[in-house]
Amino acid sequence: MKETKSFLVLAIILMVAGTLLGCNSTKAAEQKTGADNNCGIMLGDSFQAFTILDQSSVTEVTTNADGSVSYIATAAGGAGGGVAFYVKSDKSEINIANYESIDIELDYAPVEGAWNPSAKNPGFALRILPWDSTGIFGGYEDMEYFDSDALSGTLKKTVVVPENFAEKIISSSDYDSILGFGVKFNDYQRGNTDGDKLAVTIKSIKFNRKADAPADKAFDDGLADSQRGSVVDISYPTKDYTAGANASSYEKHAWVYLPAGYDAADTATKYPVFVLLHGFGQNENTWGLTNQGRGGKIKGYMDRGMASGDVEKFILVVANGVASASWGPYGSGNDFNGFNAFGGELRNDLLPYMRANFNVADGRENVAIAGLSMGGGQTFTIGIGECLDLASYFGAFSAALFGTSEDFITGVEATFPDYNINQLYMICGDADGLVYGTFPGYVDALSKWSKIVKFDSEVYEGGTHDFPVWYRGFNHFIPMLFK
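Just so we're clear, the structure is a prediction, and the values are computed from it rather than from any experiment.

About the criteria used
- Residues numbered from 1 in each chain as written.
- Predicted model: local features only at pLDDT ≥ 70, side-chain atom pairs only at ≥ 80, totals over all residues.
- Heavy atoms only, no water.
- Salt bridge = Lys/Arg side-chain N within 4 Å of Asp/Glu carboxyl O.
- Helix = DSSP H or I, 4+ residues; strand = E, 2+ residues; numbered from the N terminus.
- Buried < 20%, exposed > 50% of the residue type's maximum accessible area, 1.4 Å probe, protein only.
- Axes fitted to C-alpha atoms, helices over the stretch in contact; angles between N-to-C directions.
- Parallel < 35°, antiparallel > 145°, perpendicular 65-115°, else oblique.
- Left-handed = near helix turned anticlockwise from the far one by under 90°.
- Contact = heavy atoms within 4.5 Å.
- Nonpolar A, V, L, I, M, F, W, Y, C, P; charged D, E, K, R; others polar.
- Phe/Tyr/Trp six-rings, centres within 6.5 Å; stacked < 30°, edge-to-face > 60°.
- Lys NZ or Arg CZ within 6 Å of the ring centre and 35° of its normal.
- Core = buried A, V, L, I, M, F, W, Y, C linked by side-chain atoms within 4.5 Å.
- Pairing = 2+ DSSP bridges.

Here's the deal with the pattern of salt bridges
- Inspection of the entire model under this criterion finds 21 salt bridges.
- Here Lys203 ties to Asp107 by a salt bridge, and the two come within 3.8 Å at their closest N and O atoms. Of this pair, Lys203 sits in strand S12 (residues 197-209) while Asp107 sits in strand S7 (residues 99-110), and the two are 96 residues apart along the sequence. By the burial criterion, Lys203 is buried, and Asp107 matches it.
- The shortest N-O distance in the salt bridge between Glu312 and Lys483 comes to 3.9 Å. You can see Glu312 sitting in the loop between helix H4 (297-308) and strand S16 (315-318) and its partner Lys483 sitting in the segment after helix H10 (467-477), a full 171 residues away along the chain.
- Via salt bridges that share partners, Glu105, Asp107 and Lys203 belong to a single interconnected network.

Some words on the packing of H4 against H10
- Where H4 contacts H10, the axes come no closer than 10 Å and their chain directions differ by 20 degrees. Considering the angle they form, H4 stands roughly parallel to H10. The interaxial crossing formed by H4 with H10 has right-handed handedness. Residues Lys297, Ile298, Tyr301 and Met302 of H4 form the contact with H10, whose own contacting residues are Tyr471, Phe474 and Asn475.
- Here the residues of the contact of H4 with H10 sort into five nonpolar, one polar and one charged.

Thoughts on the packing of aromatic side chains
- According to the stated counting rule, one finds 33 aromatic pairs in the structure shown.
- For the ring pair Tyr108 and Phe124, a centre distance of 5.9 Å and an interplane angle of 75 degrees mean the geometry is edge-to-face. Taken together, the residues Tyr108 in strand S7 and Phe124 in strand S8 (residues 123-130) connect sequence positions 16 residues apart.
- Seen in terms of ring centroids, Phe380 and Phe408 are 5.2 Å apart; in terms of plane orientation they differ by 65 degrees. Their pairing is edge-to-face. One end of the pair, Phe380, is in helix H7 (residues 374-384); the other, Phe408, is in helix H8 (residues 405-415), with 28 residues separating them in the sequence. Residues Phe380 and Phe408 agree in their burial class; the two are buried.
- Across from the ring centre of Tyr140, 3.6 Å away, lies the NZ or CZ of Arg127, which sits over that ring.
- One residue, Arg472, lies across the ring of Tyr460, its end atom 3.8 Å from the ring centre.

Thoughts on H10
- Across the eleven residues of H10, eight count as buried, placing the element largely inside the fold.
- Within the sequence span of H10, burial applies to Phe467, Val469, Trp470, Tyr471, Gly473, Phe474, Asn475 and Phe477.

Quick look at the nonpolar core
- Judged by nonpolar contacts, the single largest core of 54 residues is most densely connected at Met354, Phe358, Phe380, Leu424, Met426 and Leu446.
- At six residues, the largest contribution of residues to this core is made by helix H6 (residues 342-357).
- Sequence-distant contacts of Leu446, defined by excluding residues within four places in its chain, comprise Phe380, Phe408, Ile409, Leu424, Met426, Ile452 and Phe455.
- Val87, Ile104, Ala119 and Ile202 belong to the second-largest nonpolar core, a separate cluster that totals 43 residues.

A closer look at the packing of H8 against helix H9 (residues 439-446)
- Two elements in contact, H8 and H9, have axes separated by 9 Å at closest approach and are oriented at 40 degrees. With respect to H9, the axis of H8 lies oblique. Contact residues: H8 offers Ser405, Phe408 and Ile409, while H9 offers Gly441, Tyr442, Ala445 and Leu446.
- Of the residues contributing to the contact of H8 with H9, the split by class is five nonpolar, two polar and no charged.

Description of the side chain of Glu141
- With respect to the helices and strands, the residue Glu141 is situated in strand S9 (residues 141-147).
- The contacts of Glu141, once residues within four sequence positions are left out, are Leu126, Arg127, Ile128, Phe165, Lys168, Ile169, Ser172 and Pro468.

Concerning the sheet that holds S8
- Taken together, five strands build an open sheet; the order of strands is S3-S6-S11-S8-S9 and the sheet is antiparallel. If you trace the sheet from one side to the other, it starts and ends with strand S3 (52-56) and S9, each paired once. The mean angle between the axes of side-by-side strands here comes to 15 degrees, regardless of whether they run parallel or antiparallel.
- The pairing of strand S6 (residues 82-86) with strand S11 (residues 178-186) spans five bridges and is antiparallel. Bridging from a neighbouring strand, Phe85 pairs with Phe181 of S11.

Structure representation (structure tokens):
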């Protein structure tokens, strides 16, 4: 531990000295632009001050006199803390295809008494946030993970922009427009204990332009404001469906997307409703739908799809799929009993609330249910297995499937002999070590099931158990709905 303490003392001295002396790496930019601070973001020859976009699992976020930004990042089960910044201080976008590499300079040091001595040297991730991102964990693409070579000190790293990175962004967000970036403490499988703390000072980030690269263009998808839907949050009455006769009642939060042109007063115009579910350990915020900023990635998919006519207009409700008092509010879904009991809430509370408070069309032909991971499992066990009389369109993205396909089919046939499935869509990454093992067998069996009117499946090559697969699943599923 003496050696560890020596590193910590040295790191603190280095970090304090860096703050007092300023950032030499951007001094030239200061002279060119007349900026007051030494630290910040370089875009070619253009200097930008650090402007914070979002933060997660961090404390003591401070903008220092020299323009650097310091904070304490916390280990959190692999989702280690970090801060995200706008690339440009005016919050407009750049095109990542115009850049060949990104230089990073930061100081770091474990916080004494809050670091597992068995952990590896601190690691980091450079996270890129497209135009539709809602934050450091809301619609991102990781460019590179990298490790330090000492327990504390100054880290300088050049990250080469992969040749296919712009295409990767476009495949997820439709446009090569980058709003921000994040520097995240990587605590995934590195020996850190949840709660380990790392002091970080971000000093300079430099985006190196390609020779003869064109000027960056701010995001523009060509839609007028009148063609964009809106997002509202709701609280609906429900109860703890795991508690039996002693169930406690509460108000439960959800997000609702209303399509462009929705008019609450126009009760003659009714819309189908789509219930979207999250995975284990997640909540109703996980999909990133929000009434802040541009509303999130899936809002962009719906806006553009409905404006083009490829997607039928519908109302989306992103709900918390844990039907017990442990759901939150805004809590993490770690309650298997609550997941399994969601059918009661869906039938008795959520769908009736949506029909009573929004212009939602009657009938199972106007209801869709889909989800990711555990929510995909709920789509099968609850959506089809318990509520086939309520819904007829289903999507499962990397679904957590329990039991055999044969038992599932037999159970549904016995419970709902008179109801068909209008559409079932499934997607899974072939590098998903958690659930891909069950995917091919289910696809084979369900593709032959006469109860399904239309079945589609997709394998995401190289896809893991993560949002790139789930976003693609959502984007590919919505044009299939309510045709």
